[in-house]
Structure formats: C-alpha cells, structure tokens
Amino acid sequence: MSDLNQLYSEIIMEHYENSPHRRELKEATLKERGHNPLCGDDITIYLKMNGDVIEDASFTGHGCAISQASTSMMIDLIKGKDKKEALRLVQKFIDMIHKKDVNLEELGDAQVLQGVSDFPARVKCALLAWKTLQDTLK
C-alpha cells in the first residue's frame, strides 16, 4: 500500500473510531434519519440552528467505516457555516464523488474519500450523510 493510501486509511479510521460528533444533540432544532437498506448504513443527523447558521451538529447510527467517517468529516465542515454555504459544500462533495473537477482543499478531510468513486458499491455509503443533510436543509 502506498504511503498516501495508508494516510487516507488512517484518516478514515480516525473519523470512524473516534469522532467527537458521534452523540445525540439534545438541543437539536433539526433532525433527519438517513438509511441505506441495501447495506444497512443508518444515521441520524442532528443540527442546532441559530437562524441560518449551523451552530452545532452531531450524529448517531451505525454502518461501515466509509459511511460513518464521511458523516464525521461532513460535520467538521459544516459546523459554523450558514445553510447556503453548507449546501454548497454538500454539492461540491457530491460532485467530487461523481468525478467532477472541484477544489478539493475546501473539503478538508473529506477529500480523502475521492477514491470511493472507483468503487460503485461504496458510493452510496460515502454520500448517505451528505444527501441526508441536503434533504434536511432544503
């Protein structure tokens, strides 16, 4: 395995095993469940909104390392952002997964999931949280 692949694997496993965002947010103003019945990935996203700003966010659920790490990475990106900016980042992530040309730097740790697009069975795992957030904010 190349050093770069090893680093990507470490980032994914760190988010999967040690996400500080894995908790129920009691004061959530929005809550949405995302579920992929084909593989069993199941998450609930909690958002605490202050007007249009995502003041806090968290998630609960279970699933593969890709779905759980992707959710954690997404929350890292959206906390403190307004709804419009969060939706822009969601679209940027979706575009990246669908192999469109995007500025990866804006996606922080989530850019390590770019390679998922080469594994069609894993694409839905990576997109679950992002699509759930998109549905929640629209």
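Here, every reference points to the structure presented above.
From a predicted model like this one, the values you see are computed outputs, not experimental measurements. (Residues numbered from 1 in each chain as written. Predicted model: local features only at pLDDT ≥ 70, side-chain atom pairs only at ≥ 80, totals over all residues. Heavy atoms only, no water.)

Colleague: How do you make sense of the overall build of the chain when you look at a structure like this?
Modeller: The number of helices and strands found in the chain is four helices and three strands. When the helices and strands of the chain are listed from N to C terminus, the series reads α-β-β-β-α-α-α. When its C-alpha atoms are laid out on the principal axes, the chain stretches across 45 × 30 × 25 Å. Scored against the burial criterion, the 138 residues of the chain give a buried share of 45%. Taking the intrachain contacts of the chain between residues at least 6 apart in sequence as the baseline, contacts between residues at least 24 apart amount to 57%. Working note: accessible area of the chain is about 7,200 Å², and carbon and sulfur atoms make up 49% of it. The chain carries 18 positive and 22 negative side-chain charges, and their two centres are separated by 6 Å. (Helix = DSSP H or I, 4+ residues; strand = E, 2+ residues; numbered from the N terminus. Buried < 20%, exposed > 50% of the residue type's maximum accessible area, 1.4 Å probe, protein only. Contact = heavy atoms within 4.5 Å. Areas by Shrake-Rupley, 256 points an atom, 1.4 Å probe, with all protein chains shown as cover. Lys, Arg positive; Asp, Glu negative; His and termini not counted. Charge placed at Lys NZ, Arg CZ, Asp CG, Glu CD.)

Colleague: Would you mind going over the environment of Leu113 with me for this structure?
Modeller: Note on placement: Leu113 falls in the loop between helix H3 (83-97) and helix H4 (120-137). A sequence separation of 15 residues divides Leu113 from Leu128, and the C-alpha atoms of the two residues are 13 Å apart. Those residues within four positions of Leu113 in sequence are excluded, and the remaining contacts are Ile12, Ile66, Ser70, Met73, Phe93, Met96 and Ile97.

Colleague: What should I look at first to understand the packing of H3 against H4 in this one?
Modeller: Contact geometry of H3 with H4 gives a least axis separation of 10 Å together with a crossing angle of 155°. Compared by their axis directions, H3 and H4 come out roughly antiparallel. By crossing handedness, the relation of H3 to H4 is classed as left-handed. Every residue of H4 that contacts H3 at Lys83, Ala86, Leu87, Leu89, Val90, Gln91, Phe93, Ile94 and Ile97 is listed here: Val123, Ala126, Leu127, Trp130, Lys131, Leu133, Gln134 and Leu137. Tallied by class, residues from the contact of H3 with H4 come to 13 nonpolar, two polar and two charged. (Axes fitted to C-alpha atoms, helices over the stretch in contact; angles between N-to-C directions. Parallel < 35°, antiparallel > 145°, perpendicular 65-115°, else oblique. Left-handed = near helix turned anticlockwise from the far one by under 90°. Nonpolar A, V, L, I, M, F, W, Y, C, P; charged D, E, K, R; others polar.)

Colleague: I would appreciate a short explanation of the nonpolar core in the present structure.
Modeller: A general trend in soluble globular proteins is that nonpolar side chains are found buried together. Counting 39 residues, the largest nonpolar core has Leu47, Phe93 and Leu113 as its most contacted members. Those elements giving two or more residues to this core turn out to be helix H1 (3-18), strand S2 (41-50), strand S3 (53-62), helix H2 (65-78), H3 and H4. Per element, the largest residue contribution to this core is nine residues, and it comes from H4. (Core = buried A, V, L, I, M, F, W, Y, C linked by side-chain atoms within 4.5 Å.)

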